[in-house]
Amino acid sequence: MPSDGILHAADMLSKRADLTPDRVALVELETGRRYTYAELNERANRLANFMHDRLGVQAGDRVSILARNSIVYIDLFYGLPKIGAIFAPFNWRLTSRELTFMFNDLEPKVLIVEPEFVRVVGEMRADVHVEHYINLRGAGMAEAVEYEDGLKHVSAGEPTRPAMDGETPYCILYTSGTTGNPKGAIIPHRQILFNAINTVISWGLTERDISPVYTPLFHAGGLFAFLTPILYVGGRIILARDFEPAASLRWIMEEGCTVILGVPTLFQMWMDSDYFEEADFSRVHFFISGGAPCPPALIRTWRERKNVIFRQGYGLTEVGANCFSMTDEDSVSKTGSVGKPIFHSRMRIVDPVTGEDVPVGEAGELLIWGPHVCAGYWRNPEATANAISDGWFHTGDMVRMDEDGFFYIGGRYKDMIKSGGENVYAAEVEAAFREHPCIKDAALIGKPDKTWGEVGFLIVVLEDGKSVTEEELKEFCRERLARFKVPKEIVFADGLPYSPYGKVEKVKLKEQYLS
């Protein structure tokens, strides 16, 4: 999508710090430190100058991190764009095998590592090339720079901006691929800017809003659902290192949070915690659930027990975390809907076979167009061409629109399950199991689960004369994939149902095992 220089997002924090320098922007719960906008911007400037002046990071270079949530993510997210560099965080839940592919695809110039992840870095260090390693929180890697020491000895002044515009890559976020290989979604400056603009306008955010962030900041949801829009409009973010149900409810109350994002799993955990009954949400404007469809029964229970506004949202890494909006009143009368399309966005519902728009009320594939759509996939023109056509992003999600213009998510055309807000692609899991010498074939389907929304249910066919236990297979998978991708249940079958084209007919498997 064409743009000019004014559409870059490198000055977002600088401008906000100029407008409201002394206002508290962020509270880091782990340390208790409260940062003003001026202090956040100073740290971002130091990060940019440290990277550029001491480590030689230039425009277009990638800088990555393996760490849990902390102020360092904010430094990187707002500092790197000031020198035209690209922020590319990695999912710390992944194994060294999974990460090695991403590292070699991305080729980051710098990697920042916490102690907890030194081992996994060590396992892949011989197979990847990273020019500079940085120790965080005393990680102790040899020949690595100490993060905070690096920031102390550079200027806090604004770095010189290189030439950039709305198409300049701001960050790269990896999403699992249906073929098994993760893809790096290129998030350009215009997408960052319009995600903030769209969310502030469509959701009615103001400088008085306060929002907690406990979801990982390597996720689009953690970065873009509330963090970026609220810091854009001048509100306050409460940053947690991890999620703990009872503790998070306490500080939501203590900090006076007004808008709260969660995934269905978190809302269930909150409701099951001992602190839920005494939690006072009188200062909360609304809760919003994203990441996976939220069961209407869970929404109704929250409303009945806590008398709160509860909305549903929808987004993808490639098109932004916030694609729809609804009023407080509509959230009740249209329970189950994700709302209407946000500002500065166009949407179509098409027949996935013919590409023609479907009538109102009928299901089809959701296509999205607008300045909040990604620029494609890193070093993957084939995947980019398959996903984006004439500027329209093909989501692979099945939706319908009612006569009032409200959208409902009906399922996924792409073969994927969502477990606790994490995408688990069947092809990747099945491929891992097929490497086992006892496995002839395998098929993954999603099984409904009260806590996680869905969990993996794997049907395997053994090679003739071979034997293996369910636990042995799970352990085999744990060595190759992140724990959240390991199927919750594995069953053995004599065969799988195949179509005339050789594809496993998963509808039949769901009828057989889940009915």
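Each remark here, short or long, concerns the structure printed above.
The structure presented is a predicted model; accordingly, all values stated were derived computationally and were not measured.

Asks: It is not clear to me how helix α12 (residues 296–306) should be interpreted in this structure. Could you clarify?
Replies: An α-helical turn contains 3.6 residues, so any two residues separated by three or four positions project in the same direction. Burial in α12 covers these residues: Leu298, Ile299, Trp302, Arg303 and Lys306. Take α12 and look down its axis: the buried residues cluster within an arc of 135 degrees, on one side only. Tucked into the core, α12 has its buried residues touching α11 (264–272), β13 (286–289), β14 (310–312) and α13 (328–333). A positive phi of about 55 degrees marks Asn307, the residue just after α12.

Asks: Just checking my understanding: could you explain the sheet that holds β13 for this structure?
Replies: Backbone-to-backbone hydrogen bonds join strands into a sheet, with any given pair of strands oriented parallel or antiparallel. The strand order β12-β13-β14 describes an open sheet built from 3 strands, whose pairing is parallel. Edge positions in the sheet fall to β12 (259–262) and β14, since each has one partner strand and no second. On average, each strand axis in the sheet is tilted by 25 degrees relative to the strand beside it, whichever way the strands run. With 4 bridges joining them, β12 and β13 adopt parallel strand pairing. When the bridges of β13 are listed, Val259 appears paired with Phe286.

Asks: Would you mind showing me how to read the nonpolar core here?
Replies: The nonpolar side chains of a soluble globular protein tend to be buried with one another. Met51, Leu76 and Phe224 are the most contacted members of the largest nonpolar core, which totals 115 residues. It is helix α2 (residues 37–55) that provides the largest number of residues to this core, a total of 8 residues. Counting 29 residues, the second largest nonpolar core, distinct from the first, contains Val263, Phe276, Phe287 and Cys294.

Asks: What is the right way to look at the pattern of salt bridges in this model?
Replies: Note on pairing: side chains with opposite charge can pair once their charged atoms come close. Scanning all chains against the criterion turns up 39 salt bridges. Here Arg137 and Glu30 are joined by a salt bridge, their closest N and O atoms 2.5 Å apart. Pair noted here: Arg137 is in the loop between β6 (132–135) and β7 (145–146) and Glu30 is in the loop between β1 (24–28) and β2 (33–36), with a separation of 107 residues, a long-range link. Accessibility expressed as a relative area gives 41% for Glu30, which makes it partly exposed. The salt bridge involving Glu422 is made with Arg93; its shortest N-O contact spans 2.1 Å. With Glu422 in strand β23 (residues 422–425) and Arg93 in the loop between β4 (86–87) and α4 (96–106), this residue pair connects regions lying 329 residues apart in the sequence. For Glu422, a relative accessible area of 6% translates into the label buried. By relative accessible area, which is 34% here, Arg93 ends up partly exposed.

Asks: Help me out: how do you make sense of the environment of His394 in this one?
Replies: With respect to the helices and strands, the residue His394 is situated in strand β20 (residues 392–401). In the structure, His394 is positioned 29 residues away from Glu365 in sequence and 7.4 Å away in space, judged by C-alpha atoms.

Asks: When you look at the packing of aromatic side chains in this model, what are you seeing that I'm missing?
Replies: Aromatic rings in a pair are described by how distant their centres are and how their planes are angled relative to each other. All told, the structure shown has 30 aromatic pairs when counted by the stated rule. Look at Tyr73 and Phe87: their rings are 6.3 Å apart centre to centre, the planes differ by 85 degrees, and that puts the pair in the edge-to-face class. Remark: Phe87 occurs in strand β4 and Tyr73 occurs in helix α3 (residues 71–79); sequence separation between them is 14 residues. By relative accessible area, Phe87 is classed as buried at 0%. Taken together, a centroid distance of 5.4 Å and an interplanar angle of 75 degrees make the contact between Phe267 and Trp270 edge-to-face. Highlighted residues: Phe267 and Trp270, both in helix α11, separated by 3 residues, approximately one helical turn. Just as Phe267 is buried, Trp270 falls in that class too. The structure contains a cluster of three or more aromatic residues connected by ring pairs, namely Tyr214, Phe243, Trp251, Phe267, Trp270, Phe276, Phe281, Phe287, Trp302 and Phe310.

Asks: Would you mind showing me how to read the sheet that holds β1 here?
Replies: As summarised here, the arrangement of the 4 strands in space is β2-β1-β11-β10, forming an open sheet in which the pairing is mixed. The two strands at the open ends of the sheet, each matched to only one other strand, are β2 and β10 (210–213). Taking each pair of neighbouring strands and ignoring which way they run, the sheet shows an average axis angle of 20 degrees. Contacting β1 and β2, α2 crosses the sheet at an angle of about 85 degrees to β2.

Asks: I would appreciate a short explanation of the environment of Gly376 in the present structure.
Replies: Positionally, Gly376 belongs in the loop between β18 (364–369) and α14 (381–387). Gly376 sits in the buried class, given a relative accessible area of 0%. Aside from chain neighbours lying at most four places away, what touches Gly376 is Gly184, Ala185, Ile186, Thr384 and Ile388.

Asks: Is there a simple way to think about the pairing of strand β26 (residues 489–492) in this case?
Replies: Each regular strand carries side chains that alternate between the two faces of the sheet. Pairing analysis gives 4 bridges linking strand β25 (residues 453–462) to β26, with the strands arranged parallel. Paired with Val460 across the strands is Phe492, a residue of β26. Remark: the β25/helix α16 (residues 470–478)/β26 crossover connection has right-handed handedness.

Asks: How should unusual backbone geometry be read in this particular structure?
Replies: Even without glycine at this site, Arg137 takes up a positive phi of about 55 degrees. Residue Arg137 is classed as partly exposed on the basis of its relative accessible area, which comes to 44%. Residue His344 is not a glycine yet carries a positive backbone phi of 55 degrees. Checked against the element boundaries, His344 lands in the loop between β16 (340–341) and β17 (346–350).

About the cut-offs
Numbers given to residues run from 1 along each chain, matching the order in which its sequence is written. Residues qualify for local features only when their pLDDT is at least 70, as the model is predicted, and side-chain atom pairs are given and counted only at 80 or more; totals for whole chains, interfaces and linings, by contrast, use all residues. Side-chain numbers here rest on the full set of heavy atoms in the structure, without hydrogens or water. Only protein chains enter the accessibility calculation, which uses a 1.4 Å probe; a residue is then buried when its area is under 20% of its type maximum, exposed when over 50%, and partly exposed in between. In DSSP terms, a helix is any run of H or I states spanning at least four residues, a strand is any run of E spanning at least two, and both are numbered starting from the N terminus. The directions from the helix axis to the C-beta atoms form the arc being described. Any two residues whose heavy atoms approach within 4.5 Å at even a single point are treated as in contact. A pair of strands is labelled paired if DSSP reports no fewer than 2 bridges between them. Axis lines are fitted through C-alpha atoms, for helices just across the contact stretch, and the angle between N-to-C directions can take any value from 0 to 180 degrees. Definition used in this section: a nonpolar core is a set of buried Ala, Val, Leu, Ile, Met, Phe, Trp, Tyr and Cys residues joined via side-chain atoms within 4.5 Å. What makes a salt bridge here is a side-chain nitrogen of Lys or Arg within 4 Å of a carboxyl oxygen of Asp or Glu, nothing more. The aromatic pairing rule takes the rings of Phe, Tyr and Trp, using the six-membered ring of Trp, and pairs them if the centres are within 6.5 Å, calling planes under 30 degrees apart stacked, those over 60 edge-to-face and the rest tilted. Classification remark: right-handed applies to a crossover when, strands pointing away from the viewer, the course from the first strand over the helix to the second runs clockwise.

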